[in-house]
Amino acid sequence: MTMPDLETFHIKRKKGVHYVYIQHAMVSCHMMYRPCAFDNFDTVFCCGPHHIAEIRKQEELRSLKQKNLVEHGYSNLDTLMAEYATIKVLPRKETDPIRIVIAPSWGPNSLLERYGDDFIEPLLNAGYFVTLRLHPQTYKLQQPLLKRIKRRYGSSANFSCEEDITSKRSLIESDLMICDWSGVALEYAFSRLRPVLFVDAPRKVNNPEYMSLGIEPFEVGIREKIGRV
């Protein structure tokens with residue numbers, strides 16, 4: 001499964017089934033996810049050593065049975081790197097605009113939902129090519145916002161709204177990403193080796209007690225190393 005919170009809501013365990021969780025982001029397991037998000041899985045595939053340390057600490061604090069932790073890496077990152085290796089990117093002319101991809105998370109503290117879309121206009125006025133890469137949940141839940149953005153910027157030759165995130169084109173072609181707390185920032189930085197400009201929005205916290213682990217979330221500590229806040 002790539003859905004956490006097994007047993008927490010309507011999806012329950014069945015007898016005789018071994019449940020495996022595969023990460024759908026490289027972010028830490030203890031801040032953006034609910035407190036018991038991974039407790040009821042038998043095996044968890046881990047993107048890196050931070051996942052192993054966090055899950056083992058949660059097991060210790062809550063006296064849980066140890067899970068089988070697999071050092072798996074992150075397949076989306078592998079796929080993105082492989083796709084980039086096969087795509088021919090045309091040489092950039094000096095007159096071509098710098099390309100920026102805006103890739104917000106979703107929810108009340110996300111870049112678009114908290115601050116609106118006014119920040120897009122000055123980027124276009126400055127001559128940048130701007131691609132807005134929407135989170136699927138934003139596309140699903142915020143249709144009025146999406147329609148307003150299209151009305152406001154859709155006529156600009158330097159604006160694109162990417163609604164299908166199965167396409168990796170905007171990540172491959174962009175020179176810079178603007179992001180909040182979305183895990184896609186890590187995919188972009190590590191696959192393209194290009195910088196991320198992080199908007200200093202409130203942290204995406206689904207576990208109010210995440211600090212009890214005494215482990216800094218990976219997505220917090222990495223920010224100044226892969227970009228600027």
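Provided above is the structure to which this section pertains.
Residues numbered from 1 in each chain as written. Predicted model: local features only at pLDDT ≥ 70, side-chain atom pairs only at ≥ 80, totals over all residues. Heavy atoms only, no water.

Caption draft 1: Looking closely at the nonpolar core. Counting 39 residues, the largest nonpolar core has Y33, V44, M177 and V196 as the members making the most contacts within it. Only β2 (43-46), α2 (75-86), α7 (169-173), β7 (176-179), α8 (184-192) and β8 (196-198) provide two or more residues apiece to this core. Per element, the largest residue contribution to this core is 5 residues, and it comes from α8. Residues in contact with M177, not counting those within four places in the same chain, are V101, A103, L171, V184, A185, Y188, P195, V196 and L197. By size, the runner-up hydrophobic cluster in this structure holds 16 residues, among which are L111, L132, F159 and I178. (Core = buried A, V, L, I, M, F, W, Y, C linked by side-chain atoms within 4.5 Å. Buried < 20%, exposed > 50% of the residue type's maximum accessible area, 1.4 Å probe, protein only. Helix = DSSP H or I, 4+ residues; strand = E, 2+ residues; numbered from the N terminus. Contact = heavy atoms within 4.5 Å.)

Caption draft 2: Summary view of the sheet that holds strand β1 (residues 20-22). Taken in spatial order, the 3 strands line up as β1-β2-β3 in an open sheet, and their pairing is parallel. The open sheet terminates on both sides in strands that have one partner only, identified here as β1 and β3 (68-71). For this sheet the average axis-to-axis angle between neighbouring strands, irrespective of direction, equals 20°. Pairing of β2 with β3 involves 4 bridges; the strand directions are parallel. The residue of β3 that forms the bridge with F45 is V70. (Pairing = 2+ DSSP bridges. Axes fitted to C-alpha atoms, helices over the stretch in contact; angles between N-to-C directions.)

Caption draft 3: The layout of surface pockets, seen in detail. Computed from the structure, the largest pocket encloses a volume of approximately 1200 Å³. Lining the largest pocket are 41 residues, and of these H24, S105, W106, H135 and K204 lie nearest its centre. Looking at the lining of the largest pocket, the elements that each hand over two or more residues are α5 (136-141) and α8. (1 Å grid on protein atoms, 1.4 Å probe; cavity = no way out; pocket = protein on both sides within 12 Å on 5 of 7 lines; lining within 4 Å. Points joined across faces, edges and corners; volume = space filled by probe spheres on them.)

Caption draft 4: Region of the structure containing unusual backbone geometry. A positive phi angle, close to 80°, is found at E7, a residue other than glycine. For S63, which is not glycine, the phi torsion reads 55° and is therefore positive. By the element assignment, S63 lies in the loop between α1 (49-61) and β3. By relative accessible area, which is 69% here, S63 ends up exposed.

Caption draft 5: The arrangement of the sheet that holds strand β5 (residues 129-133) in detail. Read across the open sheet, the 6 strands follow the order β6-β5-β4-β7-β8-β9; overall the sheet is parallel. The two strands at the open ends of the sheet, each matched to only one other strand, are β6 (159-162) and β9 (227-228). When strand β4 (residues 99-102) meets β5, the two strands line up parallel, connected through 4 bridges. When the bridges of β5 are listed, R99 appears paired with F129. Sheet contacts for α8: β4, β5, β7 and β8; angle to β7, the most-contacted strand, approximately 165°.

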